[in-house]
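Listed here are the chains, written in short residue letters.
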Amino acid sequence: MEQRTTIDKSFKSEPYQINMGPQHPATHGVLNLLLTIDGEIIQKVEPDLGYIHRSIEKMCERDSYQQIVHLTDRMDYLSSNINNEAVCLVVENALELEVPERVKVIRTIIGELTRISSHCLWWGIMGMDVGALTTFFYGFRDRELINDIFEETCGARLTMNYNVPGGLMLDIHPNFIKRVKKFIAHFKTKIPEYDKLLTENIIFQKRTKGIGILTKEDAISFGASGPVARASGYSCDVRKYHPYSALDKVTFNEALRTEGDTFARYKVRIQELWESLSIVEQLIDNIPEGEHRVKTNAVIKLPKGEYYQKVETARGELGVYVISTGTKSPYRLKFRSPGFSNLSLLSHIAKGGKIGDLVAIMATIDLVIPDIDR
Amino acid sequence: MTNEALQGIISSWFPNPDADKVSEITENSDVEDGSEEQPEAQKSINPSLLEFIEEGSQFLNVLVQPEQFYALMSQLKTNEETCFDYLFCLSGVDWGEDLGVVYHLESTIHRHIIVVKVKTEDRENPNLDSVCDIWYTAEFHEREVFDFFGIKFNNHPNLKRLFLTEDWVGFPLRKDYVDEINMVIK
């Protein structure tokens, strides 16, 4: 150690700032993080947002409610169907419109398939971010099957626009039930493969265990939701506490862990794959017969008042807050997006870690930038 | 907890609005050096400091005056009976004449929800208290509100624009914002 003193004299250590993003592959979109680092130790992470802000909330103030549904696809594009559902639910609740059971069940099935598809993509990218490129192809292989089902029924693979206020745009394709069942059987054999390939990988475990620990108190205070919060032992599943559509008819366990580290967030999402699969399995044989849509007025006017609807997207709690003055457009519409709140805790849990850890943490927070930059 | 019970508890924190008001005015007049524009007479017009509204919303709404706002919020969080520890939505609203902020709070223990509203009439220099130190999530959300509505939050650690650039003129989500090039008016 004494030999190093000469080096210490000539070089002094001081914190400096570097930019991570907006074109960094690990930020999964146009997110710029301004890192204050001392050597490789992170002292502060400051997100610089707004690269793809489209001001959806302002656009909503001049659009009709049917048009707003289309804008929500472009927020969290990996949970597009659940976003659509949130706006439809808020309109239906405000109009006190009872949608048929068939609609509720189909919405829940497609919502859970969306969650599986989103988690598949996340799993692939999670592996890629920590240096295991193979997972990307495995994740995308299985996700393709879900997207094919969506394409057949909804006509689109990603931004589906399948929900409309009052029900669904079209009835399901005749092949839908058959293909979903085929997918369930296929995917049940694949999740154990995921575990073998990545979860049990010792290098992966060393990269993730004990990294980026978030305590339960902080998770609540930062407004965390979804798998990020549940990995810290904070039970917050909207599907359990404020069930919507057909979620009150199914039984499932809320994926909960208490460690709060990166590995726990990973494990929660893997368990959610099983739970979502089980929800789809419970409903797919019991889709009630009936209409796929209730007729609404061509121009929807919500009664004067305030409405709030929360749903559980693949990333956490999405809230839609509508203030209506009785006209065809909302007076004010606010989207409480899960990604925005989850991003705010990034600096807190990345502090004291290395840049490599930050990449692993960001992968498990599962940021979708258009969701943050609404 | 039911809305009635919540209303009862919250009202009990401010037992005698008249007594509170008198003490508050005398306090303020001690501190104020005349720079505050708001005349004292206007304060005494307000019949009560808290206004409970249940109509037109699925939750219990509380409208609070800016002076009492921070005290109410910290009480809502720390009181064991209410324990609103989860601030799940913080929205800026332009009500035409007033600017304000709406806070949606939930208790993760009791699972009840309340909506707190605070308004200010000052559109030139709107100023409200920050709740960053009560709920960490408010830091980003308040920056968003500052960015789009221009509401300044006292005691905010890092109040600057979040989405827009520093040199952006105006606050886009206000109702009187004009942008002839980029905004399509139907």
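Residues numbered from 1 in each chain as written. Chains lettered and ligands numbered in written order. Predicted model: local features only at pLDDT ≥ 70, side-chain atom pairs only at ≥ 80, totals over all residues.

Right, let's get into the packing of helix 4 (residues 80–95) of chain A against helix 5 (residues 101–129) of chain A. All names here are of chain A. Two elements in contact, helix 4 and helix 5, have axes separated by 8 Å at closest approach and are oriented at 140 degrees. It follows from the interaxial angle that helix 4 and helix 5 lie oblique. Contact residues: Asn81, Ile82 and Glu85 in helix 4; Arg107, Ile110, Gly111 and Thr114 in helix 5. (Axes fitted to C-alpha atoms, helices over the stretch in contact; angles between N-to-C directions. Helix = DSSP H or I, 4+ residues; strand = E, 2+ residues; numbered from the N terminus. Parallel < 35°, antiparallel > 145°, perpendicular 65-115°, else oblique. Contact = placed C-beta atoms within 7 Å.)

It is worth spelling out the pairing of strand 3 (residues 41–48) of chain A at this point. Here strand 2 (residues 32–38) of chain A pairs with strand 3 of chain A via seven bridges, running antiparallel. Looking at strand 3 of chain A, one finds that A:Asp38 is bridged to A:Ile41. (Pairing = 2+ DSSP bridges.)

What follows deals with the sheet that holds strand 8 (residues 332–336) of chain A. Residue and element names in this part refer to chain A. Here we have three strands laid out as an open sheet, ordered 6-7-8, and antiparallel in their pairing. At either margin of the open sheet sits one strand with a lone partner, and together these are strand 6 (305–313) and strand 8. The mean inter-strand angle of the sheet, taken between neighbouring strand axes irrespective of direction, is 10 degrees. Sheet topology places strand 6 next to strand 7 (residues 316–324); nine bridges connect them, and they run antiparallel.

With that settled, the discussion passes to the interface of chain B and chain A. Residue-level contacts link 24 residues of chain B with 27 residues of chain A. Of all the elements, strand 3 (residues 86–94) of chain B adds the most residues to the side of chain B that touches chain A, at six residues. Its residues assigned to classes, the side of chain B that touches chain A comprises 13 nonpolar, seven polar and four charged. (Nonpolar A, V, L, I, M, F, W, Y, C, P; charged D, E, K, R; others polar.)

A few words now on the environment of A:Thr108. Within the fold, A:Thr108 resides in helix 5. Sequence-distant contacts of A:Thr108, that is, excluding residues within four places in its chain, are made with A:Ser245, A:Ala246, A:Leu247, A:Ile279 and A:Leu283.

Any link to function would need more than the numbers given here.
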